[in-house]
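Notes for the structure review
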Amino acid sequence: MIGRDGIEALDRRHVWHPYTPMDAWLETREGLVLDRAEGSRLFDVDGRSYLDGNASWWCAVLGHGHPRLTRAIEEQSRRMAHVPLAGIAHAPAAELASALIERAPQGLSRVFYSDNGSTAIEAALKLCLQYWHQNGAPRKTRFVTLDGAFHGETLGAAGLGGVEVFRRPFASVLLDTIRVSPSEGGFAQAFESLSQVLSREADQIAAVVLEPMVQGASGMQMYDARFLLEARELTRRHDVVLVLDEVFTGFGRTGPFWASEHAGIAPDVLCSAKGLSGGMLPFAATLVTERLFQGFSGAAERAFLYGHTFCGNPLGARLALEVLRVFDDEAILKRAEPKAKAISDAFQELASLPGVRAVRSLGMIGALDLSGPQGYLEQKGQEVYRQALRRGAYLRPLGNTVYVTPALNIPDDDLLTLLRIVREAVRAALSGTD
Ligand SMILES: *Cc1c(COP(=O)(O)O)cnc(C)c1O
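An account of the accompanying structure is given in this report. (Residues numbered from 1 in each chain as written. Predicted model: local features only at pLDDT ≥ 70, side-chain atom pairs only at ≥ 80, totals over all residues. Heavy atoms only, no water.)

1. Description of the sheet that holds strand S1 (residues 34–38)
- One open sheet accounts for four strands, arranged S1-S2-S3-S15; its pairing is mixed. With partners counted over all chains shown, the strands left at the sheet margins are S1 and strand S15 (393–394), one partner each.
- Across two bridges, the pairing between strand S3 (residues 49–52) and S15 is parallel. Residue pairing for S15: Leu 51 is matched across the bridge by Ala 393. (Pairing = 2+ DSSP bridges. Helix = DSSP H or I, 4+ residues; strand = E, 2+ residues; numbered from the N terminus.)

The structure is reproduced here in C-alpha coordinates:
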(Lines give C-alpha, C1' and ligand atoms only; values in the text may rest on other atoms or scores of the structure.)
Protein backbone atom coordinates (compact mmCIF):
# COMPACT_ATOMS: atom_id res chain seq x y z
CA MET A 1 0.00 0.00 0.00
CA ILE A 2 1.25 3.48 -0.77
CA GLY A 3 1.32 5.84 2.18
CA ARG A 4 0.68 9.55 2.48
CA ASP A 5 3.78 10.61 0.54
CA GLY A 6 3.12 8.20 -2.30
CA ILE A 7 -0.54 9.20 -2.59
CA GLU A 8 0.29 12.89 -2.53
CA ALA A 9 3.01 12.50 -5.16
CA LEU A 10 0.71 10.69 -7.61
CA ASP A 11 -2.16 13.03 -6.81
CA ARG A 12 -0.10 16.16 -7.46
CA ARG A 13 1.18 14.70 -10.71
CA HIS A 14 -2.11 13.57 -12.25
CA VAL A 15 -5.33 14.36 -10.41
CA TRP A 16 -7.34 17.43 -11.32
CA HIS A 17 -9.58 18.25 -8.35
CA PRO A 18 -13.12 19.64 -8.65
CA TYR A 19 -13.82 23.27 -7.70
CA THR A 20 -10.14 23.69 -6.92
CA PRO A 21 -7.71 26.42 -7.95
CA MET A 22 -5.01 23.92 -8.82
CA ASP A 23 -1.98 26.24 -8.46
CA ALA A 24 -2.56 26.55 -4.76
CA TRP A 25 -3.27 22.84 -4.43
CA LEU A 26 -0.03 21.86 -6.17
CA GLU A 27 2.02 24.18 -3.98
CA THR A 28 0.77 23.04 -0.62
CA ARG A 29 0.29 19.80 1.21
CA GLU A 30 -3.04 20.90 2.56
CA GLY A 31 -6.06 18.70 2.29
CA LEU A 32 -6.92 15.40 3.84
CA VAL A 33 -5.46 12.12 2.70
CA LEU A 34 -8.19 9.71 3.67
CA ASP A 35 -8.17 6.00 4.05
CA ARG A 36 -11.62 5.04 5.28
CA ALA A 37 -14.90 6.31 6.67
CA GLU A 38 -17.28 4.93 9.23
CA GLY A 39 -20.47 6.40 10.66
CA SER A 40 -19.94 10.14 10.91
CA ARG A 41 -16.17 9.92 10.91
CA LEU A 42 -13.49 10.08 8.23
CA PHE A 43 -10.10 8.51 8.97
CA ASP A 44 -6.88 9.66 7.35
CA VAL A 45 -3.96 7.45 6.39
CA ASP A 46 -2.36 8.09 9.78
CA GLY A 47 -5.48 6.94 11.61
CA ARG A 48 -6.57 10.42 12.67
CA SER A 49 -10.35 10.89 12.64
CA TYR A 50 -12.43 13.84 11.46
CA LEU A 51 -16.14 14.36 11.97
CA ASP A 52 -17.81 14.59 8.57
CA GLY A 53 -19.55 17.94 8.95
CA ASN A 54 -21.30 17.87 5.58
CA ALA A 55 -22.08 14.16 5.10
CA SER A 56 -19.60 14.11 2.23
CA TRP A 57 -21.21 16.75 0.06
CA TRP A 58 -24.70 16.15 1.45
CA CYS A 59 -24.88 12.52 0.34
CA ALA A 60 -24.14 10.22 3.27
CA VAL A 61 -27.48 10.87 4.97
CA LEU A 62 -27.19 7.59 6.91
CA GLY A 63 -23.49 8.01 7.65
CA HIS A 64 -20.67 6.01 6.14
CA GLY A 65 -20.67 2.24 5.83
CA HIS A 66 -24.14 1.54 7.23
CA PRO A 67 -24.08 -2.27 7.48
CA ARG A 68 -27.45 -2.73 5.81
CA LEU A 69 -26.38 -0.60 2.86
CA THR A 70 -23.02 -2.32 2.38
CA ARG A 71 -24.77 -5.69 2.56
CA ALA A 72 -27.35 -4.63 -0.04
CA ILE A 73 -24.56 -3.63 -2.42
CA GLU A 74 -22.61 -6.82 -1.78
CA GLU A 75 -25.58 -9.08 -2.40
CA GLN A 76 -26.77 -7.21 -5.45
CA SER A 77 -23.27 -7.10 -6.94
CA ARG A 78 -23.15 -10.88 -6.83
CA ARG A 79 -26.63 -11.26 -8.30
CA MET A 80 -26.53 -8.63 -11.08
CA ALA A 81 -24.51 -5.45 -10.98
CA HIS A 82 -25.48 -3.84 -14.22
CA VAL A 83 -27.81 -4.32 -17.16
CA PRO A 84 -29.35 -1.66 -19.36
CA LEU A 85 -32.89 -0.55 -18.61
CA ALA A 86 -33.97 -0.25 -22.25
CA GLY A 87 -36.21 -3.23 -22.99
CA ILE A 88 -35.40 -4.82 -19.62
CA ALA A 89 -37.22 -4.78 -16.28
CA HIS A 90 -35.75 -5.90 -12.98
CA ALA A 91 -36.83 -6.04 -9.35
CA PRO A 92 -34.60 -3.30 -7.92
CA ALA A 93 -35.74 -0.67 -10.46
CA ALA A 94 -39.38 -1.73 -10.25
CA GLU A 95 -39.58 -1.94 -6.46
CA LEU A 96 -37.69 1.31 -5.99
CA ALA A 97 -39.96 3.17 -8.41
CA SER A 98 -42.98 1.95 -6.52
CA ALA A 99 -41.45 2.85 -3.14
CA LEU A 100 -40.48 6.33 -4.34
CA ILE A 101 -43.92 7.06 -5.77
CA GLU A 102 -45.55 5.86 -2.56
CA ARG A 103 -43.50 8.38 -0.62
CA ALA A 104 -43.55 11.21 -3.15
CA PRO A 105 -45.96 14.15 -3.05
CA GLN A 106 -49.31 13.19 -4.54
CA GLY A 107 -49.68 13.22 -8.31
CA LEU A 108 -46.21 12.01 -9.24
CA SER A 109 -46.57 8.61 -10.82
CA ARG A 110 -43.58 7.82 -13.07
CA VAL A 111 -39.86 7.50 -12.40
CA PHE A 112 -37.10 8.18 -14.91
CA TYR A 113 -33.69 7.04 -13.68
CA SER A 114 -30.26 8.51 -14.26
CA ASP A 115 -27.00 8.68 -12.35
CA ASN A 116 -26.43 12.00 -10.61
CA GLY A 117 -28.07 15.25 -9.61
CA SER A 118 -27.14 17.04 -12.81
CA THR A 119 -28.59 14.33 -15.01
CA ALA A 120 -31.76 14.21 -12.90
CA ILE A 121 -32.14 17.91 -13.78
CA GLU A 122 -31.02 17.41 -17.37
CA ALA A 123 -33.72 14.76 -17.81
CA ALA A 124 -36.27 17.16 -16.32
CA LEU A 125 -35.28 19.95 -18.72
CA LYS A 126 -35.39 17.79 -21.83
CA LEU A 127 -38.62 16.23 -20.74
CA CYS A 128 -40.25 19.66 -20.28
CA LEU A 129 -38.98 20.94 -23.64
CA GLN A 130 -40.08 17.87 -25.53
CA TYR A 131 -43.43 17.81 -23.77
CA TRP A 132 -44.33 21.32 -24.90
CA HIS A 133 -42.75 20.79 -28.31
CA GLN A 134 -45.08 17.95 -29.16
CA ASN A 135 -48.14 19.01 -27.22
CA GLY A 136 -49.11 22.22 -28.92
CA ALA A 137 -46.84 24.81 -27.28
CA PRO A 138 -43.48 24.70 -29.10
CA ARG A 139 -42.70 28.30 -28.09
CA LYS A 140 -42.38 27.25 -24.46
CA THR A 141 -38.60 26.85 -24.43
CA ARG A 142 -37.37 29.08 -21.61
CA PHE A 143 -36.75 28.32 -17.95
CA VAL A 144 -37.14 30.48 -14.88
CA THR A 145 -34.92 30.07 -11.83
CA LEU A 146 -33.93 32.05 -8.77
CA ASP A 147 -30.71 33.95 -8.59
CA GLY A 148 -28.29 31.97 -6.43
CA ALA A 149 -29.79 28.67 -7.62
CA PHE A 150 -27.62 25.62 -8.15
CA HIS A 151 -28.94 22.72 -10.18
CA GLY A 152 -25.80 20.93 -11.32
CA GLU A 153 -22.91 21.20 -13.72
CA THR A 154 -23.82 19.74 -17.11
CA LEU A 155 -24.45 22.48 -19.67
CA GLY A 156 -28.22 22.27 -19.36
CA ALA A 157 -28.19 22.27 -15.58
CA ALA A 158 -25.48 24.95 -15.47
CA GLY A 159 -27.74 27.17 -17.55
CA LEU A 160 -30.17 27.26 -14.65
CA GLY A 161 -27.47 28.11 -12.17
CA GLY A 162 -27.39 31.47 -10.47
CA VAL A 163 -23.95 31.25 -8.89
CA GLU A 164 -22.19 33.65 -11.18
CA VAL A 165 -18.60 32.34 -10.98
CA PHE A 166 -19.76 28.87 -11.97
CA ARG A 167 -21.61 30.22 -15.00
CA ARG A 168 -19.32 32.98 -16.28
CA PRO A 169 -17.05 31.12 -18.74
CA PHE A 170 -20.01 29.38 -20.38
CA ALA A 171 -22.48 32.26 -20.42
CA SER A 172 -22.59 32.51 -24.21
CA VAL A 173 -23.70 28.92 -24.77
CA LEU A 174 -26.10 28.34 -21.89
CA LEU A 175 -29.87 27.84 -22.02
CA ASP A 176 -32.14 30.82 -22.26
CA THR A 177 -32.95 31.27 -18.59
CA ILE A 178 -34.80 34.04 -16.82
CA ARG A 179 -33.31 34.54 -13.37
CA VAL A 180 -35.43 36.30 -10.79
CA SER A 181 -33.30 37.89 -8.16
CA PRO A 182 -33.56 37.48 -4.40
CA SER A 183 -30.52 39.67 -3.84
CA GLU A 184 -31.97 43.17 -3.35
CA GLY A 185 -35.43 42.69 -1.94
CA GLY A 186 -34.88 39.20 -0.60
CA PHE A 187 -37.00 36.23 -1.53
CA ALA A 188 -40.26 38.21 -1.27
CA GLN A 189 -39.02 40.37 -4.12
CA ALA A 190 -37.87 37.36 -6.13
CA PHE A 191 -41.23 35.66 -5.93
CA GLU A 192 -42.96 38.92 -6.80
CA SER A 193 -40.76 39.07 -9.92
CA LEU A 194 -41.62 35.46 -10.65
CA SER A 195 -45.28 36.38 -10.64
CA GLN A 196 -44.64 39.24 -13.08
CA VAL A 197 -42.49 37.13 -15.39
CA LEU A 198 -45.14 34.43 -15.55
CA SER A 199 -47.94 36.92 -16.23
CA ARG A 200 -45.93 38.43 -19.05
CA GLU A 201 -44.18 35.50 -20.66
CA ALA A 202 -45.82 32.22 -19.67
CA ASP A 203 -46.36 31.38 -23.34
CA GLN A 204 -42.57 31.13 -23.74
CA ILE A 205 -41.80 29.43 -20.45
CA ALA A 206 -41.37 25.66 -20.21
CA ALA A 207 -40.77 25.40 -16.49
CA VAL A 208 -39.91 27.10 -13.24
CA VAL A 209 -37.11 25.23 -11.47
CA LEU A 210 -36.55 25.72 -7.75
CA GLU A 211 -34.59 24.30 -4.86
CA PRO A 212 -37.42 24.02 -2.32
CA MET A 213 -36.92 25.92 0.98
CA VAL A 214 -33.14 26.23 0.79
CA GLN A 215 -30.61 27.08 -1.87
CA GLY A 216 -27.72 24.85 -0.89
CA ALA A 217 -24.67 25.72 -2.96
CA SER A 218 -25.21 29.47 -2.83
CA GLY A 219 -24.74 29.38 0.92
CA MET A 220 -27.72 27.67 2.55
CA GLN A 221 -30.09 30.54 1.71
CA MET A 222 -33.47 29.70 3.23
CA TYR A 223 -36.88 30.99 2.30
CA ASP A 224 -40.37 30.75 3.63
CA ALA A 225 -42.71 27.90 2.67
CA ARG A 226 -45.37 30.41 1.61
CA PHE A 227 -43.22 31.32 -1.42
CA LEU A 228 -43.15 27.71 -2.47
CA LEU A 229 -46.92 27.56 -2.18
CA GLU A 230 -47.15 30.75 -4.22
CA ALA A 231 -44.87 29.31 -6.92
CA ARG A 232 -47.12 26.27 -7.10
CA GLU A 233 -50.24 28.39 -7.51
CA LEU A 234 -48.62 30.65 -10.11
CA THR A 235 -47.23 27.83 -12.24
CA ARG A 236 -50.57 26.05 -12.16
CA ARG A 237 -52.45 29.19 -13.13
CA HIS A 238 -50.11 29.93 -16.05
CA ASP A 239 -49.72 26.31 -17.18
CA VAL A 240 -45.98 26.19 -16.59
CA VAL A 241 -44.26 23.06 -15.28
CA LEU A 242 -42.96 23.29 -11.70
CA VAL A 243 -39.71 21.35 -11.26
CA LEU A 244 -38.51 20.95 -7.68
CA ASP A 245 -34.87 20.06 -7.28
CA GLU A 246 -34.79 17.93 -4.14
CA VAL A 247 -31.29 16.64 -4.86
CA PHE A 248 -30.01 18.26 -1.66
CA THR A 249 -33.21 18.79 0.31
CA GLY A 250 -34.77 15.34 -0.13
CA PHE A 251 -34.34 12.44 2.28
CA GLY A 252 -35.09 14.43 5.38
CA ARG A 253 -32.39 17.07 5.17
CA THR A 254 -34.80 19.90 6.02
CA GLY A 255 -36.98 17.93 8.47
CA PRO A 256 -39.77 16.22 6.51
CA PHE A 257 -38.80 13.61 3.92
CA TRP A 258 -39.18 16.12 1.06
CA ALA A 259 -38.75 19.86 1.52
CA SER A 260 -41.88 20.44 -0.57
CA GLU A 261 -43.84 19.02 2.39
CA HIS A 262 -43.17 22.26 4.29
CA ALA A 263 -45.59 23.90 1.86
CA GLY A 264 -47.82 20.87 1.39
CA ILE A 265 -47.38 21.05 -2.36
CA ALA A 266 -46.63 18.60 -5.13
CA PRO A 267 -44.47 19.61 -8.09
CA ASP A 268 -44.96 18.34 -11.64
CA VAL A 269 -41.39 17.07 -11.64
CA LEU A 270 -39.23 16.14 -8.66
CA CYS A 271 -35.50 15.47 -8.98
CA SER A 272 -33.71 13.30 -6.45
CA ALA A 273 -30.09 12.18 -6.05
CA LYS A 274 -27.40 12.51 -3.34
CA GLY A 275 -29.21 11.05 -0.28
CA LEU A 276 -31.20 8.76 -2.58
CA SER A 277 -28.31 6.28 -2.65
CA GLY A 278 -27.00 7.15 0.80
CA GLY A 279 -23.88 8.63 -0.76
CA MET A 280 -22.54 5.25 -1.79
CA LEU A 281 -23.13 5.12 -5.54
CA PRO A 282 -24.05 7.65 -8.21
CA PHE A 283 -27.78 7.25 -8.68
CA ALA A 284 -30.67 9.59 -9.44
CA ALA A 285 -34.37 9.70 -10.19
CA THR A 286 -36.67 12.20 -11.89
CA LEU A 287 -40.29 11.76 -10.85
CA VAL A 288 -43.07 13.10 -13.07
CA THR A 289 -46.85 13.35 -13.20
CA GLU A 290 -49.09 11.22 -15.34
CA ARG A 291 -49.98 14.27 -17.44
CA LEU A 292 -46.37 14.78 -18.50
CA PHE A 293 -45.86 11.09 -19.05
CA GLN A 294 -48.95 10.87 -21.26
CA GLY A 295 -47.56 13.66 -23.44
CA PHE A 296 -45.03 11.15 -24.80
CA SER A 297 -47.49 8.53 -26.00
CA GLY A 298 -48.38 7.97 -29.64
CA ALA A 299 -45.99 7.63 -32.58
CA ALA A 300 -42.49 6.30 -31.85
CA GLU A 301 -40.81 9.65 -32.43
CA ARG A 302 -42.91 11.13 -29.65
CA ALA A 303 -41.15 8.86 -27.15
CA PHE A 304 -38.56 10.26 -24.76
CA LEU A 305 -35.53 9.18 -26.80
CA TYR A 306 -33.09 9.88 -24.04
CA GLY A 307 -31.16 7.92 -21.45
CA HIS A 308 -27.85 7.25 -19.75
CA THR A 309 -25.87 4.02 -19.76
CA PHE A 310 -26.37 3.53 -16.03
CA CYS A 311 -30.11 4.40 -15.96
CA GLY A 312 -31.73 2.32 -13.25
CA ASN A 313 -28.48 0.50 -12.52
CA PRO A 314 -29.48 -2.52 -10.37
CA LEU A 315 -26.79 -1.89 -7.76
CA GLY A 316 -27.85 1.72 -7.27
CA ALA A 317 -31.55 0.87 -7.31
CA ARG A 318 -31.16 -1.93 -4.78
CA LEU A 319 -29.11 0.37 -2.59
CA ALA A 320 -31.66 3.19 -2.80
CA LEU A 321 -34.42 0.76 -1.87
CA GLU A 322 -32.44 -0.23 1.21
CA VAL A 323 -31.93 3.45 2.09
CA LEU A 324 -35.72 3.92 2.10
CA ARG A 325 -36.20 0.83 4.26
CA VAL A 326 -33.60 2.01 6.76
CA PHE A 327 -35.37 5.38 6.97
CA ASP A 328 -38.51 3.49 8.05
CA ASP A 329 -36.98 0.75 10.18
CA GLU A 330 -34.72 3.10 12.12
CA ALA A 331 -37.25 5.97 12.31
CA ILE A 332 -34.55 8.26 10.94
CA LEU A 333 -36.74 11.36 10.59
CA LYS A 334 -38.22 11.09 14.06
CA ARG A 335 -34.84 10.51 15.67
CA ALA A 336 -33.31 13.42 13.77
CA GLU A 337 -35.75 15.89 15.38
CA PRO A 338 -33.79 16.45 18.62
CA LYS A 339 -30.56 16.55 16.60
CA ALA A 340 -32.02 19.29 14.41
CA LYS A 341 -32.97 21.15 17.58
CA ALA A 342 -29.39 20.87 18.85
CA ILE A 343 -28.09 22.31 15.56
CA SER A 344 -30.58 25.15 15.67
CA ASP A 345 -29.72 25.98 19.31
CA ALA A 346 -25.98 25.88 18.64
CA PHE A 347 -26.18 28.21 15.63
CA GLN A 348 -28.52 30.54 17.50
CA GLU A 349 -25.84 30.85 20.15
CA LEU A 350 -23.19 31.60 17.54
CA ALA A 351 -25.17 34.64 16.41
CA SER A 352 -23.73 36.65 19.29
CA LEU A 353 -20.09 36.05 18.31
CA PRO A 354 -18.44 39.18 16.99
CA GLY A 355 -17.79 38.76 13.27
CA VAL A 356 -20.84 36.57 12.71
CA ARG A 357 -23.32 38.45 10.55
CA ALA A 358 -26.25 36.05 10.38
CA VAL A 359 -27.25 32.54 11.40
CA ARG A 360 -30.00 30.24 10.16
CA SER A 361 -31.07 26.63 10.44
CA LEU A 362 -33.64 24.25 9.06
CA GLY A 363 -33.83 20.55 9.88
CA MET A 364 -30.36 19.06 9.75
CA ILE A 365 -28.80 22.23 8.33
CA GLY A 366 -27.11 24.94 10.37
CA ALA A 367 -25.37 27.88 8.70
CA LEU A 368 -23.76 31.18 9.55
CA ASP A 369 -22.37 34.02 7.46
CA LEU A 370 -19.12 35.60 8.54
CA SER A 371 -19.21 39.35 8.19
CA GLY A 372 -17.44 40.85 5.21
CA PRO A 373 -17.99 40.17 1.54
CA GLN A 374 -20.03 37.12 0.54
CA GLY A 375 -19.34 34.94 -2.46
CA TYR A 376 -17.98 31.56 -3.39
CA LEU A 377 -14.34 32.67 -3.62
CA GLU A 378 -14.23 34.59 -0.32
CA GLN A 379 -11.50 33.36 1.99
CA LYS A 380 -12.51 33.82 5.64
CA GLY A 381 -14.45 30.60 5.57
CA GLN A 382 -11.27 28.87 4.49
CA GLU A 383 -9.63 29.84 7.78
CA VAL A 384 -12.56 28.28 9.66
CA TYR A 385 -12.03 25.16 7.58
CA ARG A 386 -8.38 25.00 8.69
CA GLN A 387 -9.19 25.63 12.31
CA ALA A 388 -11.88 22.94 12.28
CA LEU A 389 -9.58 20.43 10.65
CA ARG A 390 -7.00 20.90 13.40
CA ARG A 391 -9.73 20.20 15.92
CA GLY A 392 -10.95 17.06 14.15
CA ALA A 393 -13.85 18.13 11.95
CA TYR A 394 -14.18 18.37 8.20
CA LEU A 395 -16.29 21.36 7.16
CA ARG A 396 -16.37 22.84 3.71
CA PRO A 397 -17.53 26.43 3.93
CA LEU A 398 -19.19 27.99 0.90
CA GLY A 399 -17.18 31.20 0.67
CA ASN A 400 -17.84 33.00 3.95
CA THR A 401 -20.78 30.80 4.85
CA VAL A 402 -19.88 28.14 7.39
CA TYR A 403 -22.39 25.33 7.69
CA VAL A 404 -23.02 21.81 8.91
CA THR A 405 -25.17 19.19 7.20
CA PRO A 406 -24.24 16.02 9.06
CA ALA A 407 -25.66 12.55 8.58
CA LEU A 408 -29.24 12.44 9.85
CA ASN A 409 -28.29 9.62 12.20
CA ILE A 410 -25.10 11.18 13.53
CA PRO A 411 -24.65 9.94 17.12
CA ASP A 412 -25.56 12.63 19.68
CA ASP A 413 -22.07 12.82 21.16
CA ASP A 414 -20.52 13.22 17.69
CA LEU A 415 -23.00 15.96 16.90
CA LEU A 416 -22.20 17.84 20.11
CA THR A 417 -18.48 17.54 19.38
CA LEU A 418 -19.03 18.79 15.82
CA LEU A 419 -21.02 21.79 17.03
CA ARG A 420 -18.40 22.58 19.68
CA ILE A 421 -15.65 22.44 17.03
CA VAL A 422 -17.64 24.78 14.77
CA ARG A 423 -17.89 27.27 17.62
CA GLU A 424 -14.20 27.03 18.48
CA ALA A 425 -13.08 27.17 14.86
CA VAL A 426 -15.20 30.25 14.13
CA ARG A 427 -13.91 31.95 17.28
CA ALA A 428 -10.30 31.13 16.46
CA ALA A 429 -10.61 32.19 12.83
CA LEU A 430 -12.21 35.49 13.75
CA SER A 431 -9.80 36.37 16.51
CA GLY A 432 -6.77 35.25 14.52
CA THR A 433 -5.61 33.02 17.39
CA ASP A 434 -5.13 29.28 17.55
C1 LIG B 1 -25.52 18.72 -5.86
C2 LIG B 1 -26.71 19.28 -6.49
C3 LIG B 1 -27.00 19.05 -7.85
C4 LIG B 1 -26.04 18.32 -8.76
O5 LIG B 1 -25.82 17.01 -8.38
P6 LIG B 1 -24.53 16.22 -8.95
O7 LIG B 1 -24.73 14.85 -8.46
O8 LIG B 1 -23.34 16.91 -8.35
O9 LIG B 1 -24.54 16.33 -10.42
C10 LIG B 1 -28.18 19.54 -8.36
N11 LIG B 1 -29.03 20.23 -7.59
C12 LIG B 1 -28.80 20.47 -6.29
C13 LIG B 1 -29.80 21.23 -5.49
C14 LIG B 1 -27.62 20.02 -5.69
O15 LIG B 1 -27.38 20.28 -4.42
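2. Topic: the site of the ligand
- The environment of the ligand is made up of Trp 58, Asn 116, Gly 117, Ser 118, Phe 150, His 151, Gly 152, Glu 211, Asp 245, Val 247, Phe 248 and Lys 274.
- Ser 118 has a polar side-chain atom sitting 2.6 Å from an oxygen atom of the ligand.
- Contact with the protein chains hides 83% of the accessible area of the ligand, taken as 380 Å² for the molecule alone.
- The site holding the ligand turns out to be the second largest pocket. (Near = heavy atom within 4 Å. Polar contact = N/O pair within 3.5 Å; in protein donor to acceptor, adjacent residues only side chain to side chain. Areas by Shrake-Rupley, 256 points an atom, 1.4 Å probe, with all protein chains shown as cover. 1 Å grid on protein atoms, 1.4 Å probe; cavity = no way out; pocket = protein on both sides within 12 Å on 5 of 7 lines; lining within 4 Å. Sits in = over half its atoms within 2 Å of the grid points.)

3. Examining the pairing of strand S13 (residues 356–362)
- In this structure, S13 lies alongside strand S14 (residues 365–370), joined through six bridges in antiparallel fashion. Pairing of Val 359 across the sheet is with Leu 368, part of S14.
- Here S13 folds back onto S14 in antiparallel fashion, the turn holding two residues, of which Gly 363 has a positive phi close to 55°.

4. What to know about unusual backbone geometry
- A positive phi angle is found at Tyr 19, which is not glycine, with a value near 50°.
- Overall, Tyr 19 belongs to the partly exposed group, its relative accessible area being 34%.
- Notably, Ser 56 is not glycine yet its phi reads approximately 50°, a positive angle.
- If you trace the backbone, Ser 56 turns up in helix H3 (residues 55–58).
- The exposure class assigned to Ser 56 is partly exposed, which follows from its relative accessible area of 27%. (Buried < 20%, exposed > 50% of the residue type's maximum accessible area, 1.4 Å probe, protein only.)

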